[in-house]
Structure formats: structure tokens, C-alpha cells
Amino acid sequence: MQFKGWHLGCVYFYLGLLIIKALSVCFTEKDYSNEITIASNRYCDSSSFRLYVCFRCHYQQAKVQPNEARIDFFANRGEAFDNKREYVKLMCFNQRPTSASALRDVEEGEHVLFVRAMVVNTDLPADNMREAIVRLDVNLEGGKRYSLNQIRDNSDMKIWLQESDSGIPVSKVVTTRVEYPKSVGDLRLEQCKEGTV
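Cut-offs and rules
Residues numbered from 1 in each chain as written. Predicted model: local features only at pLDDT ≥ 70, side-chain atom pairs only at ≥ 80, totals over all residues. Heavy atoms only, no water. Helix = DSSP H or I, 4+ residues; strand = E, 2+ residues; numbered from the N terminus. Buried < 20%, exposed > 50% of the residue type's maximum accessible area, 1.4 Å probe, protein only. Contact = heavy atoms within 4.5 Å. Pairing = 2+ DSSP bridges. Axes fitted to C-alpha atoms, helices over the stretch in contact; angles between N-to-C directions. Phe/Tyr/Trp six-rings, centres within 6.5 Å; stacked < 30°, edge-to-face > 60°. Lys NZ or Arg CZ within 6 Å of the ring centre and 35° of its normal. Salt bridge = Lys/Arg side-chain N within 4 Å of Asp/Glu carboxyl O.

## Focus: the overall build of the chain
Piece 1. Within the chain one finds three helices and eleven strands.
Piece 2. Reading the secondary structure of the chain in the N-to-C direction produces α-α-β-β-β-β-β-β-β-β-β-β-β-α.
Piece 3. Taking all 197 residues of the chain together, the buried fraction comes to 37%.
Piece 4. Restricting the contact set of the chain to residue pairs at least 6 apart, pairs at least 24 apart contribute 62%.

## Structural notes on unusual backbone geometry
Piece 1. Phi angles above zero are rare outside glycine, and glutamine 95 is one such case at about 60 degrees.
Piece 2. Looking at the secondary structure, you find glutamine 95 in the loop between β4 (92-93) and β5 (96-97).
Piece 3. The backbone of asparagine 154 sits at a positive phi, close to 55 degrees, despite the residue not being glycine.
Piece 4. Within the secondary structure layout, asparagine 154 lies in the loop between β9 (145-153) and β10 (156-163).

## Structural notes on the sheet that holds β9
Piece 1. Across the sheet, which stays open at both edges, the five strands sit in the order β6-β1-β9-β10-β11 with mixed pairing between neighbours. Edge positions in the open sheet fall to β6 (104-107) and β11 (174-177), since each of these has one partner strand only. On average, each strand axis in the sheet is inclined to that of its neighbour by 30 degrees, with strand direction left out of account.
Piece 2. As defined by bridge partners, strand β1 (residues 68-72) adjoins β6 across four bridges and the pair is classed as antiparallel. Bridging from a neighbouring strand, glutamate 68 pairs with glutamate 107 of β6.

## With respect to the packing of aromatic side chains
Piece 1. Counting across every chain of the model gives zero aromatic pairs.
Piece 2. Positioned above the aromatic ring of phenylalanine 93 is the side chain of arginine 104, whose terminal nitrogen or guanidinium carbon lies 3.8 Å from the ring centre.

## Examining the sheet that holds strand β2 (residues 74-76)
Piece 1. Within the open sheet, the four strands sit side by side as β2-β3-β7-β8. Their pairing is antiparallel. On the outer flanks of this sheet lie β2 and β8 (130-140), each paired with one strand and no other. Strand-to-strand, the axes of this sheet are offset by a mean angle of 15 degrees, without reference to chain direction.
Piece 2. By the bridge criterion, seven bridges tie strand β3 (residues 84-90) to strand β7 (residues 109-121) in an arrangement that is antiparallel. In the sheet register, leucine 90 faces β7, and the bridge partner there is valine 115.
Piece 3. Where helix α3 (residues 187-194) meets the sheet, it contacts β7 and β8, and its direction lies at approximately 10 degrees from that of β8.

## Considerations on the environment of glutamate 107
Piece 1. Relative to the helices and strands, glutamate 107 is located in strand β6.
Piece 2. According to the relative accessible area criterion, glutamate 107 is exposed, its value standing at 60%.
Piece 3. Sequence separation between glutamate 107 and leucine 140 is 33 residues; the distance between their C-alpha atoms is 8.1 Å.
Piece 4. The contacts of glutamate 107, once residues within four sequence positions are left out, are Asn67 and Glu68.

## Looking at the pattern of salt bridges
Piece 1. In this structure the tally under the stated criterion is nine salt bridges.
Piece 2. Of the charged contacts in the structure, one is a salt bridge between glutamate 131 and arginine 116, with a shortest N-O distance of 2.7 Å. Here the residue glutamate 131 occupies a position in strand β8, and arginine 116 occupies one in strand β7, the gap between them amounting to 15 residues.
Piece 3. The exposure class assigned to glutamate 131 is buried, which follows from its relative accessible area of 13%.
Piece 4. The class for arginine 116 is buried, based on a relative accessible area of 18%.
Piece 5. Here aspartate 156 and arginine 177 are joined by a salt bridge, their closest N and O atoms 2.8 Å apart. Here aspartate 156 is found in strand β10, whereas its partner arginine 177 is found in strand β11, with 21 residues between them in sequence.
Piece 6. Owing to a relative accessible area of 35%, aspartate 156 belongs among the partly exposed residues under this scheme.
Piece 7. When salt bridges with common partners are traced through the structure, they connect Arg135, Asp137 and Glu194 into a single cluster.

In C-alpha cells form, the structure reads like this:
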């Protein structure tokens, strides 16, 4: 009986290792389907965020409906020893401001997108975020995936939307500066009402 118990323990041990390996593949931060690398911010150690990342990896693979286009956000954890995190995402959902970083399926056709870019230094307290809001005018084809993208040089940033598979820009490249947020009253709500997402 002791041998059988030991044997059963080994089976459970190796089964556990296999499950951990499978989960680590799911939770890896490599991009899937040649899309932008997923990054973590200071909240990314939570299990709920990691589960969300896993869900996002699979959602990216899901087929886009022929009459819809999928827009993905941009996230970058930075180079080694660089604690700045960069994000570019849609500012609005249901024509109201949202703080969520999420994939969005939208109707094909012409759209006015308001995009929020952020740079966060994780070495500093919470109130160190710099941001910029830009408008992108685009015409999206149904059944396609699109990704927000950016290039930053200190406070100067270029932002655009591109086809995920080919990398071809589908919007103008907008040049802006990321700055500490200012009080703007109802401006963000008004921008979202002007937008189409």
C-alpha cells in the first residue's frame, strides 16, 4: 500500500508540472499572431490580470466577423533596466470615456477614434503618469485586425493605427507630446461623443 501511495503521489506531481507548464505557455507575454507585445504595468502581478492576458491571447485568434474590424491596444514594458511603461488605447467605449485596455470589435467603415497614449514610470509614486490624446480618422475594412502603434522619443510621440498582419498604416501618423494630465472639465466626454466608438 505504501508503494501504491508513493506511486500515486508521483503521478499527481508530474500531472501538476504539466499543468503549470501549460499555464505558463498561456501566460507568456510573447505576442500571438504577430501583434504588439503585451506588457505589464505595476498591477500585472495579480492573477486576474494574468488571466486577462491569457484570455486576450486567445481572443486575438478568434475570427473577426466580415462586417466588423478588430482594434487592439498597444502596450510596451520597455527595454531592460527601463521602468517606463507605454500604452496606447482607445479612449472611448459606447461614446463615453473608459480606462480599460481592451480589444474592440467595431463596425466596418469610416471612424473617428480618440486615442489615449500614456507613459508611466513604475519607479515613482502613482501620480507620475504622462499622457496625450489624439484623434485618428480611419476607414476600416470588415474582417481585418488593426493595432494601435507608437514611437516615442522622450516626451515626443508619434501615434497611428495599422493593419496588424501587414503593418501598413491606415491612419495619418500624428505627432504629439506626452505631458502630465491637466484638468479639462467635460472635454473628454465631448470628444467621445464626437467619436464613433
